[in-house]
Amino acid sequence: MKHFFSALIALFMVATSLQAAIVKGKILDTNNKPLDYVNVVLLRQTNNSLAGGGITDVDGLFSIDNITVGSYRLEVSFVGYKTYTKPIVIKSAEDKLTLGAIKLEEDAQALGEVEVVAQGSQMRFDIDKKVFNVDQNIAAAGASASEVLENIPSVQVDNDGNISLRNNSNVEIWINGKPSGLDSENRAQILEQMPAGSIESIEVITNPSAKFSPEGTAGIINLVMKKDRKSGYMGSVAAGASYQMNGKLSGNASANFNYNSSKIDFYANLGFRQRDRVGTGYTDRYSFKPGTNMSDTLSFMHQDNDLIRSSWGLFGRTGLSWHINKKNTLGISGMFNTQDNNNYSVIDYDVIRFTTLDTARYKHFSDVDALRLSYNVTLDYLYEIDKKGSEIRSSITYGGNQRDQDANYNQTVEYGNASAYTQKQYSGYNNHTAEFKSDYVQKFSDNMKLEAGVAVNWQDRFSNSKTWDYPTPTTDTLAAYNDFEYKELISAAYATYGAKFGNFSFQGGLRGEYTNTVVSTRDAETDNYLTTTKGYFQLFPTAYLSYALPEGNELQLNYTRRVNRPRGRELSAYRNVSDSTSISYGNPRLNPEFANALELNYIKSWEEHVLSASLYYRYTTDVIQRVRFESPLNSDIMETTYENIASAQSAGLEVVGKNRIGKWLNLTTTLNGYYEEMSPIVYNNVLLQGKSEGFSWDARLMANVLISKTFSGQLVGAYYSPRVIAQGKTKDFYMVDLGFKKSFFEKTVNLSLSIRDVLNSRGWRNITWGDTFYQDFERAPNGPRFSLTATYNFGNMKDEKKAKSKEENGSNGSDSGEEFME
């Protein structure tokens, strides 16, 4: 593997020896504001063939590399604006032609008479991330954030809302570039309540730079919320209903409002969601003598699960920015989520014990109510140093997350050797977080930038659990008690430097973090806390190399080091007894895991197509994994906890294609194949599993079809092959979703219909084993879900028009600043 990557690096460095000319510039509207997503192409004068091109970034900048000597025509086109053209002559391969700022002139006739029906792009590629446009996802209407994430390439969401990136669950979920109070304890619930309609785009960052926290060995998924900067106001209201086969009717409603002026930006979003879901599942478990590999089976247990999940919740976010002057902006923003959840399940057990030749049948009832509250407030300040983009940005964030859960468990015995009992359990937590960060950006030119910053993050997490046995309906006995507190303080500083020389660009960074943690736990209210304190300093280097090859080709090579710190349920000794035969708890002795990741990306751009290929490798030490074993006190009970295993490594190739076929079809296709290897798993000096390895793959297709000017459809399909997990493997599965959208009254009213899991094939099944057991497990929803959502859009938000005649501009647009050679 080492020689393989050495060869790749050598190939990359050889490629950088090639040189060709560069044409770059900046696109502005009539108000001197940058325009992003503008199509810029360079055509050969001799035969009108494409020599290069691309789209502008958020700052309106474009750069066309690898241009050979010759005569060309630059064309700049954007919906609602007149096409800008300009002759270009490249005299030398060393030319660096900077066109300055180009103003586009609005096309009043096009705006008034021509209805634009071409679809927007589903995805775009940046140097360090892939960006997916949620507005182009028809299924997003009336859906939650977690449902939209299921349709994002490289992202997986299981039936419990747990999120993985490239099959690694150690991923961070951020909102607008910040953690915003989301963690492993609450993010599944918050994302289930967050309306997808409030999300503008989703950024998948597999190897973040040193500017970002290194938390999450798989990377970061950043949800960019809607916030328009055009002057005026705009908003929308939406309401919908959904029905799952064999279930109940559910409903949702949301409202969004934006107001912007030269001094004030304000936004507010509010969403309500009520949902009932039904699911089924089964578990088959064989117990056998150690080392016999099922040849001497002691018992067999089969269980059938029926689950009803009911929930309602409110999700809200609001923000206000005050542009004090051209250089200073002060802002405040906040988010909250409140939920009331109920999970009711019935588990039927059938047990055969071969050693005593007896059987048992019993039933377990579980009724769990949970109230949750999450909130987050941020105060931020921006000082813009110059017009190049140099700035100082600082923020202070405070958040909280609370839960109170009451559970009632009742087990009845139909016949055989089993215990009937009644239990009640209370569990709750109260978490607080605070963060200060300050970032400095010095942009020396469009091609050179220095970034530096500091951050301090503080967390205090407290949880309490109590379990009571009820020998009689009126008599209770405290059977279990636990208090758990986790305190963490992280102090960090970083610096990055990036530059571009011709076709070659690079960015290097280093982040240093000192972490101090205090873990305290006790098993009785009168006991003293057992406390463990850890302090450690770690460096997290990052490096990015990029080279633009001729004919729209680009190579990128990047490296990062990242960390996954154990928190919450992974550490807490709280025992989850919702299933009497499967009990789970945390491990307060866990250490953080560290990962080194290397990724080589290739991007090829055509006028209507983009191809991206990513070859990635990750090596992780002290991997935190779930371990399963039979209880030493009762072989009918499976215990699950967490442990640091020695190491794991994975390597894979991910290919993503984006294709626009005419104006009526947009395709995004993903194919990901990867190899995983995990070292042996040892728990309490017992070998639970030897070395495991395997190759897996998955494929996904999203097709957006424009049926007419006001009617569109969407098809999403995916397949996941079996893959290696700790002590076992997952089974393969596939899924298909459909969506349709119809617009009325000049698109002020939209009606969306989506069918999720059309083939009733979405589910999770895995097989696990150990020295004394073999288990087959499946959980799945009870059928497809049909959703219907109506949305009404309103507002007067638009750019101010400053009409200028063609004669005043001197062309089909205007140049601001003279053309010059660097």
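Just so it is clear, the structure is predicted and the values come from calculations on it, not from any experiment.

Draft legend 1. The overall build of the protein, seen in detail. When helices and strands are counted, the protein shows 5 helices and 46 strands. Counting only residues that meet the buried cut, the protein has 51% of its 822 residues in that class. Across the protein, the fraction of contacts at a sequence separation of at least 24, relative to all contacts at a separation of at least 6, is 67%. Total accessible area computed for the protein in this model is approximately 36,400 Å², and 57% of it derives from carbon and sulfur atoms.

Draft legend 2. Structural detail: the pattern of salt bridges. Scanning the entire structure with this criterion turns up 18 salt bridges. Here Arg353 and Asp358 are joined by a salt bridge, their closest N and O atoms 3.5 Å apart. A relative accessible area of 12% means that Arg353 is categorised as buried. Among the residues examined, Asp358 registers a relative accessible area of 21% and is labelled partly exposed. Among the ionic pairs, Glu513 bridges to Arg511, the shortest N-O distance being 2.9 Å. When its relative accessible area of 3% is taken as the criterion, Glu513 is described as buried. Salt bridges linked by common partners bring Glu215, Glu488, Arg511, Glu513, Arg565 and Arg567 together as one network.

Draft legend 3. Local environment of the nonpolar core. Counting residues in each nonpolar core, the largest one holds 26 residues, and the members touching the most others are Leu149, Val155, Ile163, Met194, Ile202, Ile221 and Leu223. Broken down by secondary-structure element, the contributors of at least two residues to this core are α3 (145–149), β10 (155–157), β11 (163–165), β12 (171–175), α4 (187–193), β13 (199–205) and β14 (219–225). Counting 22 residues, the second largest nonpolar core, distinct from the first, contains Val38, Val40, Phe62 and Leu99.

Draft legend 4. Inspection of the sheet that holds strand β2 (residues 39–44) at higher detail. Spatially, β3-β2-β5-β6 is the arrangement adopted by the 4 strands of the open sheet, whose pairing is antiparallel. Sheet topology places β3 (50–55) and β6 (84–90) at the edges, where each strand pairs with a single neighbour. Within the sheet, the average angular offset between the axes of one strand and its neighbour, ignoring direction, is 20°.

Draft legend 5. Highlighting the side chain of Thr791. In this structure, Thr791 sits in strand β44 (residues 785–795). Every residue in contact with Thr791, bar those within four places of it in the chain, is listed here: Ser236, Val237, Ala238, Thr748, Val749 and Asn750.

Draft legend 6. Spotlight on the pairing of strand β20 (residues 358–384). Across 26 bridges, the pairing between strand β19 (residues 328–353) and β20 is antiparallel. Looking at β20, one finds that Asn337 is bridged to Ser374. Where β19 hands over to β20, the hairpin turn is made up of 4 residues, of which Leu357 adopts a positive phi near 50°. Summarising the sheet, β20 and strand β21 (residues 391–415) pair through 24 bridges and their orientation is antiparallel. Opposite Asp369, over in β21, you have Asp406 as the bridge partner.

Draft legend 7. Broad picture of the pairing of β6. Of the two faces of β6, only one is covered, namely that formed by Tyr84, Lys86, Ile88 and Ile90; the face formed by Thr85, Pro87 and Val89 stays uncovered. In terms of strand pairing, strand β5 (residues 70–77) meets β6 through 7 bridges, oriented antiparallel. Each bridged residue has a counterpart across the sheet, and for Val76 the counterpart in β6 is Tyr84.

Draft legend 8. Expanded view of unusual backbone geometry. Backbone geometry places Gln727, a non-glycine residue, at a positive phi of 60°. Positionally, Gln727 belongs in the loop between β38 (723–725) and β39 (728–730). A positive phi angle, close to 50°, is found at Phe745, a residue other than glycine. Summarising the element assignment, Phe745 is placed in the loop between β40 (733–744) and β41 (749–756).

Draft legend 9. Spatial organisation of the packing of aromatic side chains. Enumeration over the complete set of coordinates arrives at 15 aromatic pairs. Aromatic pair Tyr286 and Tyr774: ring centres 6.4 Å apart, planes at 55°, arrangement tilted. Of this pair, Tyr286 sits in strand β17 (residues 264–288) while Tyr774 sits in strand β43 (residues 773–781), and the two are 488 residues apart along the sequence. For Tyr286, a relative accessible area of 29% gives the class partly exposed.

Draft legend 10. Main features of the environment of Glu630. Positionally, Glu630 belongs in strand β31 (residues 609–630). In this structure Glu630 comes out as buried when scored by relative accessible area, which is 14%. Linking Glu630 and Ser582, residues 48 residues apart in sequence, is a C-alpha distance of 9.2 Å. In this structure the side chain of Glu630 is engaged in a polar contact, spanning 2.3 Å, whose partner is the side chain of Ser287.

Draft legend 11. Layout of the confidence of the model for the protein. For the protein, per-residue confidence averages 83 on the pLDDT scale, and 86% of positions sit at 70 or higher. Scored below 50 in pLDDT, residues 7–19 shows 22 contacts in the model against residues more than four places distant or in partner chains. Counting interchain partners and residues more than four positions distant, the pLDDT-below-50 stretch residues 798–822 has 56 contacts.

Draft legend 12. Focus on the environment of Lys742. Within the secondary structure, Lys742 is located in strand β40. Considering only alpha carbons, one finds Lys742 and Leu753, 11 residues apart in sequence, at a separation of 8.8 Å. Not counting chain neighbours up to four residues away, the residues in contact with Lys742 comprise Thr710, Phe711, Val749, Asn750 and Leu751. A polar contact of 2.8 Å, which involves the side chain of Lys742, links it to the side chain of Thr710.

Draft legend 13. Seen up close, the environment of Gly783. Within the fold, Gly783 resides in the loop between β43 and β44. Classification of Gly783 as buried rests on a relative accessible area of 5%. For Gly783 and Asn760, which are 23 residues apart along the polypeptide, the C-alpha to C-alpha distance reads 5.0 Å. Excluding residues within four positions of it along the chain, Gly783 makes contact with Gln244, Met245 and Asn760.

Here is what the cut-offs are and how they apply
Residues numbered from 1 in each chain as written. Predicted model: local features only at pLDDT ≥ 70, side-chain atom pairs only at ≥ 80, totals over all residues. Heavy atoms only, no water. Helix = DSSP H or I, 4+ residues; strand = E, 2+ residues; numbered from the N terminus. Buried < 20%, exposed > 50% of the residue type's maximum accessible area, 1.4 Å probe, protein only. Contact = heavy atoms within 4.5 Å. Areas by Shrake-Rupley, 256 points an atom, 1.4 Å probe, with all protein chains shown as cover. Salt bridge = Lys/Arg side-chain N within 4 Å of Asp/Glu carboxyl O. Core = buried A, V, L, I, M, F, W, Y, C linked by side-chain atoms within 4.5 Å. Pairing = 2+ DSSP bridges. Axes fitted to C-alpha atoms, helices over the stretch in contact; angles between N-to-C directions. Phe/Tyr/Trp six-rings, centres within 6.5 Å; stacked < 30°, edge-to-face > 60°. Polar contact = N/O pair within 3.5 Å; in protein donor to acceptor, adjacent residues only side chain to side chain. pLDDT = per-residue confidence, 0-100.

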